[in-house]
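A structural walkthrough
Chain residues, written in single-letter form:
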Amino acid sequence: VLGAFVVAFCFKEYLYDFLKKPLQPYLPAGAKLIYTAPAELFFTYMKVSLLAGIIVASPVIFYQLWKFVAPGLYEKERKLVWPFVFTSSGLFIAGAIFCYLVVFPSMFDFFMGLSTAEIVPMLKVNEYLSFSSTMLLVFGLVFETPLILFFLAKLGVVNSAMLRKHRRYAILGIFIIAAVVSPTPDAITQTLMAIPMMVLYEFSILLIARVEKNKAKRLAEEAAEDSAEDAAS
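Keep in mind it's a predicted model, so treat the numbers as computed, not measured. (Residues numbered from 1 in each chain as written. Predicted model: local features only at pLDDT ≥ 70, side-chain atom pairs only at ≥ 80, totals over all residues. Heavy atoms only, no water.)

Concerning the packing of helix H3 (residues 40-56) against helix H7 (residues 125-142)
In the contact formed by H3 and H7, the axes pass within 9 Å of each other and the chain directions differ by 10 degrees. Judged on the interaxial angle alone, H7 and H3 are roughly parallel. The handedness of the crossing between H3 and H7 is left-handed. Here Glu40, Leu41, Thr44, Lys47, Val48 and Leu51 of H3 come into contact with H7, specifically with Val125, Asn126, Leu129, Ser133, Leu136 and Leu137. Residue composition of the contact of H3 with H7, by class: seven nonpolar, three polar and two charged. (Axes fitted to C-alpha atoms, helices over the stretch in contact; angles between N-to-C directions. Helix = DSSP H or I, 4+ residues; strand = E, 2+ residues; numbered from the N terminus. Parallel < 35°, antiparallel > 145°, perpendicular 65-115°, else oblique. Left-handed = near helix turned anticlockwise from the far one by under 90°. Contact = heavy atoms within 4.5 Å. Nonpolar A, V, L, I, M, F, W, Y, C, P; charged D, E, K, R; others polar.)

Below is the structure:
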């Protein structure tokens, strides 16, 4: 993270311009982001560089997380390290991209549309960074749902039938989570956060069901082979 942060800091202005790009079309004509403290812009650049460092270093972070839990796994499960690293990193980055391309434009269109001729937005750079970075990180973590449920299924904690049976409670829980983790109290942001969580939940059910089907098929084949060997002997 530190190494990626140092590199990102060299491109701090570009990174911040990239981060505020979804907001730009919805600002009133001539409106600009401001800062009101001498060191505010500098520390904002530090924070946006750290955010970029976390995203770039996410494969290493997930690898270290895997190495932390690996001692408690079977040898066969430890071999899943690279699929875990690539999948978790890909899902995290996909969540951040979804937030940047889909959620940000919808939110800013709504929020900036509330301004009037007498009431205009004057956004501070640090407050915008805090808001946008929180949203990116939250959506990145939300997109880890299939991976979390997959490993819970591998550990025997859940299965596809259980997830289908408790779907209605899961949907209620998803909207509660969206309301809690959303940085804004509006229903639009919470709904935009809840919808992908529900889609990922359904995808997780299909993924786990596919794994269960393959496992049952493999066990049936092994049982048939054992029966054939017993009959031959």
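Some details on the pattern of salt bridges
This model, assessed by the stated rule, comprises four salt bridges. Linking lysine 124 and glutamate 40 is a salt bridge whose minimum nitrogen-to-oxygen distance equals 3.7 Å. One end of the pair, lysine 124, is in the loop between helix H6 (81-112) and H7; the other, glutamate 40, is in helix H3, and 84 residues separate them in sequence. The buried category is assigned to glutamate 40, whose relative accessible area is 8%. (Salt bridge = Lys/Arg side-chain N within 4 Å of Asp/Glu carboxyl O. Buried < 20%, exposed > 50% of the residue type's maximum accessible area, 1.4 Å probe, protein only.)

A few points about the confidence of the model for the protein chain
Per-residue confidence for the protein chain gives a mean pLDDT of 83; residues scoring 70 or more make up 94%. Taking the mean pLDDT of every element in the protein chain, the minimum, 70, falls on helix H5 (residues 75-78) and the maximum, 93, on helix H1 (residues 2-9). (pLDDT = per-residue confidence, 0-100.)

Some thoughts on the environment of leucine 51
As for its position among the elements, leucine 51 is in helix H3. The class for leucine 51 is buried, based on a relative accessible area of 8%. Setting aside anything within four residues of it in sequence, one finds leucine 51 in contact with Ser133, Leu136 and Leu137.

A word on the packing of H6 against H7
When two helices pack together, their arrangement is given by the angle between the helix axes and by the axis-to-axis distance. At their nearest, the axes of H6 and H7 sit 7 Å apart, and the two run at 130 degrees to each other. Considered as vectors, H6 and H7 are oriented oblique to each other. Read as a crossing pair, H6 and H7 show a hand that is right-handed. Counted together, Leu91, Phe92, Gly95, Ala96, Phe98, Cys99, Tyr100, Val103, Phe104, Met107 and Phe108 of H6 and Tyr128, Phe131, Ser132, Met135, Leu136, Leu137, Phe139, Gly140 and Leu141 of H7 form the full contact between these two elements. The residue inventory of the contact of H6 with H7, partitioned by class, reads 17 nonpolar, three polar and no charged.

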